Amino acid sequence: MCSSDLELNYVDSLLLVGCDITVEGPIAGLKVKSAIKKGALVTELMPRSTALSRLAARTILIDVGNAVAFIKGMMRVMLEEELVDVEALADYKGTKALRDSVSGLDLEKIASNSGVSVHDIVQTAREFISAGKSSIIFGEEAAFGPNGDDLINALVDLLMLTGRLGKEGCGLFPVLSNTNFQGVVDMGVSPDHLPGWVPVESSRDRKTLEKAWNAVLPQKPGMNANEIFAAAGDGKLQALYLVGVNPVITFPDGQMVEEALAKVDFLVVQELFLTETASRAHVVLPACGLPEKNGTLTSLDRRVQRSKKAQDGAGKTMPDWKIFSEVGVSMGVEGLKYVNSAEVLDEIAEVVPYYSGISYRILADNGIQWPFTRQDVHDVYSEGYLGTRHLLPDSVPAGKRSFAAVKGWGGFSKDPDYPLTLLIGNLLVHSGSFTRYSESLNQLVNSAVLSMNRVTGAGLEIEDGSRVKIVSPSGEVALGVKYSNDLLPGVLYLPRHFSDVPVSRLMGENGAGLETAVVRVRVEKLDDFAKSHQRAL
């Protein structure tokens, strides 16, 4: 994220794409509500209405997969009506490619394919570029739905075209469900990167870490999650160490995951609870929960914040860093020996340049946004400096800024055998599969229901409250139905949290854990299915 989410309080125009902000990011949602009260023009581009739609926001209900074409249509309007600063575009590469990619677009066709009006496209374009401070928020339905990469590139192009990227009150804000996602990536939890976003192949950067840890590091990228489970399923993986993940429930094709884990000779799971995955492990390492340990979290706006211990952990549980440390030292890696979590952060500052000035001592209540170097430390005390609020465009040299100029239109391929679109997402009171262990949250919602538009239900002769079976190319699940007028006809919504309705069975092989938000499905009434099955017997 190139800006600070604090600036959402002060935007003049905000475009939300595939994001139910009050559910996916409730704290950011409060900032958006504050901006609405101050007069901000807020537009949602969604296949469903949200709680924000009932405030002052304008919701454009768009068919799934067509947001790319809508955004490209906006850019065509801006260029055609000469609303952009042409001179400023000289700093960017690919301007001609961008013009070529949008100039021939037929707005009438985009509108017809997307279920919107030409007026929606034109009005949104004019409002966004005429506002003093314009920002974009996108969620998991956008990032992990059809054409997710193209959509994100198109949104970045939109910000650059309008001169908004990296400016005060402007930015592109991803809203993802996993806490500390940014921090995990910063620390190199990736098959092809080391801490600090440096490639594994970089010998110079490897040497820095090898010196810190007194160990030899791999020189080639490792496997991603899908490749790991494929290798395990083929009997090519002897040992597997899983930390804070429950792939039996959350990954696509849970049955395949179970079969793959059964073939691993030595399975270690580091976890807070005895999850469906942990129950299959040869060794379970019990970890502390967030209130039971000291550490830091890095939010998506690059803000590093203290997480302070509030209570002791249960039994023999340990903080994750201490488990890693003791396992590493017992295997002969003395460089992983730490006294406390502050030492871990000190080492991060040594090996990750843009964390180099960050320590427990320097972190304020508001946190510090990286990059924050040792040279910045003095400014914290003398000027109240809290890090780098804006990364772009000043930090990217002129001539290296380039438009992606997305060529595709987007869309979501039709399948007569699976004519309905299922959105897989979150509920306000739950997150992932982990919050199922909270008795208080389960008192609010303890099971999944399938939401569908009343028109969809009538067309399928499915009544509100009846039980149905959802069938995808990958699998099926059974559950109850609840009518919701928030959804477009033909669009369904299913929360991902509950083991009694394992949504992983519906996900295809193209997903990667929770990175699947949209699936083609059909719905069958359970009584009809039972009768046809009985006749077949």
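Worth saying up front: this structure is predicted, and the values here are computed from it rather than measured.

Parameters at a glance
Along every chain, residues carry numbers that run from 1 in the direction the sequence is written. At least 70 in pLDDT is required for a residue's local features to be given in this predicted model, at least 80 for side-chain atom pairs to be given and counted, and no such filter applies to totals for whole chains, interfaces and linings, which use all residues. To get the side-chain values, all heavy atoms of the structure are used, and hydrogens and water are removed first. Starting at the N terminus, helices and strands are each numbered in turn, a helix being any DSSP run of H or I of at least four residues and a strand any DSSP run of E of at least two. A contact between two residues is defined here by any heavy atoms of the two lying within 4.5 Å. The pairing criterion is simple: DSSP has to find at least two bridges between the two strands. Fitting a line to C-alpha atoms yields each axis, with helices limited to the stretch in contact; the angle taken between N-to-C directions then spans 0 to 180 degrees. Any pair of Phe, Tyr and Trp rings, taking the six-membered ring for Trp, is counted once the centres come within 6.5 Å. Such a pair is stacked with planes under 30 degrees apart, edge-to-face with planes over 60 apart, and tilted for the rest. Two conditions define a charge sitting above a ring: the NZ of Lys or the CZ of Arg must be within 6 Å of the ring centre, and it must be within 35 degrees of the ring normal.

Side note on the environment of V333
In this fold, V333 is placed in the loop between α14 (320-330) and α15 (341-351). It is 7.0 Å that separates the C-alpha atoms of V333 and W213, two residues lying 120 residues apart in sequence. Residues within four places of V333 in sequence aside, it is in contact with W213, A215 and G328.

A word on the sheet that holds strand β14 (residues 368-369)
Within the open sheet, the three strands sit side by side as β12-β13-β14. Their pairing is antiparallel. Edge positions in the sheet fall to β12 (295-298) and β14, since each of these pairs with one other strand and no more. Sheet analysis places β12 next to strand β13 (residues 303-307), joined by four bridges and oriented antiparallel. When the bridges of β13 are listed, G295 appears paired with S307.

Structural notes on the sheet that holds strand β1 (residues 13-17)
The strand order across the open sheet formed by five strands is β3-β2-β1-β5-β6, and the pairing between neighbours is parallel. Two strands lie at the open edges of the sheet, namely β3 (58-61) and β6 (171-174), each paired on one side alone. Neighbour-to-neighbour, the strand axes of the sheet open up by a mean angle of 15°, direction not taken into account. Pairing analysis gives four bridges linking strand β2 (residues 41-46) to β3, with the strands arranged parallel.

What about the packing of aromatic side chains?
Per the counting criterion, the structure on display carries four aromatic pairs. Ring centres of F229 and F251 lie 5.3 Å apart, and the angle between their planes is 70°; on these two criteria the pair is classed as edge-to-face. On the criterion of sequence distance, the pair formed by F229 in helix α11 (residues 225-233) and F251 in the loop between α12 (247-250) and α13 (254-262) is long-range, its members being 22 residues apart. Connected via pairs of aromatic rings, a cluster forms that spans Y354, Y355 and W370. For the cation-ring pair, R306 lies above Y360, with the distance from its terminal atom to the ring centre recorded as 3.8 Å.

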